[in-house]
Amino acid sequence: MNRRNILWSAVSGLGAALGASSAKAATEAGTGNKLKVVYHLSDAEKVNFVLGNIQNHIDGVGGPDHVTIALVIHGPALKAFHSAQANPDISKRVGDFSKDGVELAACGNTMKAQNVTLTDLLPGFVSAEKGGVVRLAELQSQGYLYLRP
């Protein structure tokens, strides 16, 4: 065997071993703690898409007992969650998510800019007082996976 073949065999073997180790770790992680995921929403045109992603996520893992989800909203997207102008589908989804334990966090800075309080938003929201981006960073530091559809 020449050196190139020996090197290629060693690299291939190492890759296979690492792949098997990663697969085992992913399987073991899935049997322990629930996955924690934070969805980031700021684009008004993506509101329905993101809410659909969250519902698909909950359904895909077998229900809300199998995942911890937070939704952090800031910027123009927050207007879709104002009680006075929210469409019935969004209102229903937010109510369902709230019952399922999804954290619904509204950026405190955006709330000030839009001149709204928690009572002006759909029920179930909490305020991210320090700001939406700060809340996103806090959740990520707590082990939440970050998704921005």
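By the naming in an unreviewed UniProt entry, the protein is DsrE/DsrF-like family protein, taken from Bradyrhizobium canariense.

The subject of this paragraph is the sheet that holds strand β5 (residues 145–147). One open sheet accounts for five strands, arranged β4-β3-β2-β1-β5; its pairing is parallel. Strand pairing shows two members of the sheet lacking a second neighbour, β4 (125–128) and β5, which therefore form its edges. Direction aside, neighbouring strands of the sheet carry axes that sit 30° apart on average. Bridge count between strand β3 (residues 103–107) and β4: four bridges; the pairing is parallel. Bridge pairing in β4 places Ala106 opposite Ser127.

Scanning all chains against the criterion turns up seven salt bridges. Between Asp43 and Arg148 there is a salt bridge, with its nearest N and O atoms 3.9 Å apart. You can see Asp43 sitting in the loop between β1 (35–41) and α2 (47–60) and its partner Arg148 sitting in the segment after β5, a full 105 residues away along the chain. Owing to a relative accessible area of 25%, Asp43 belongs among the partly exposed residues under this scheme. One salt bridge in this structure joins Arg93 and Asp89, with 3.6 Å as the shortest N-O distance. Of this pair, Arg93 and Asp89 are both found in helix α3 (residues 88–99), four residues apart, which corresponds to roughly one turn of the helix. Note on Arg93: relative accessible area 24%, which makes it partly exposed. Exposure remark for Asp89: the relative accessible area of 38% places this residue in the partly exposed category.

Moving on, we get to α3. For α3, with twelve residues, the first-to-last C-alpha span of 17 Å sits near the 16 Å given by 1.5 Å per residue. Among the residues of α3, Ile90, Val94 and Phe97 are the ones counted as buried. Down the axis of α3, the sector holding all buried residues measures 65°, keeping them to one side. Exposed residues lying more than 90 degrees from the buried face of α3 are Pro88, Lys92 and Lys99. The elements touched by buried residues of α3 are α2, β3 and β4. At the N-terminal end of α3, a side-chain oxygen is found 2.9 Å from the backbone nitrogen of Asp89, two or three residues along, and the residue is Asn87.

In this section: the nonpolar core. Generally speaking, soluble globular proteins have nonpolar side chains that are buried together. Counting 27 residues, the largest nonpolar core has Leu41, Ile54, Leu71, Ile73, Phe81 and Phe125 as its most contacted members. Mapped onto this core, the elements with two or more residues apiece are β1, α2, β2 (67–73), α3 and β3. If one sorts the elements of this core by residue count, α2 sits on top with five residues. Those residues within four positions of Leu41 in sequence are excluded, and the remaining contacts are Lys46, Val47, Val50, Leu71, Val72, Ile73, His74, Ala77 and Phe81. By size, the runner-up hydrophobic cluster in this structure holds eight residues, among which are Val72, Ala128, Leu139 and Tyr144.

Cut-offs and rules
- Residues numbered from 1 in each chain as written.
- Predicted model: local features only at pLDDT ≥ 70, side-chain atom pairs only at ≥ 80, totals over all residues.
- Heavy atoms only, no water.
- Pairing = 2+ DSSP bridges.
- Helix = DSSP H or I, 4+ residues; strand = E, 2+ residues; numbered from the N terminus.
- Axes fitted to C-alpha atoms, helices over the stretch in contact; angles between N-to-C directions.
- Salt bridge = Lys/Arg side-chain N within 4 Å of Asp/Glu carboxyl O.
- Buried < 20%, exposed > 50% of the residue type's maximum accessible area, 1.4 Å probe, protein only.
- Expected span 1.5 Å × (residues − 1).
- Arc of directions from axis to C-beta.
- Contact = heavy atoms within 4.5 Å.
- Polar contact = N/O pair within 3.5 Å; in protein donor to acceptor, adjacent residues only side chain to side chain.
- Core = buried A, V, L, I, M, F, W, Y, C linked by side-chain atoms within 4.5 Å.

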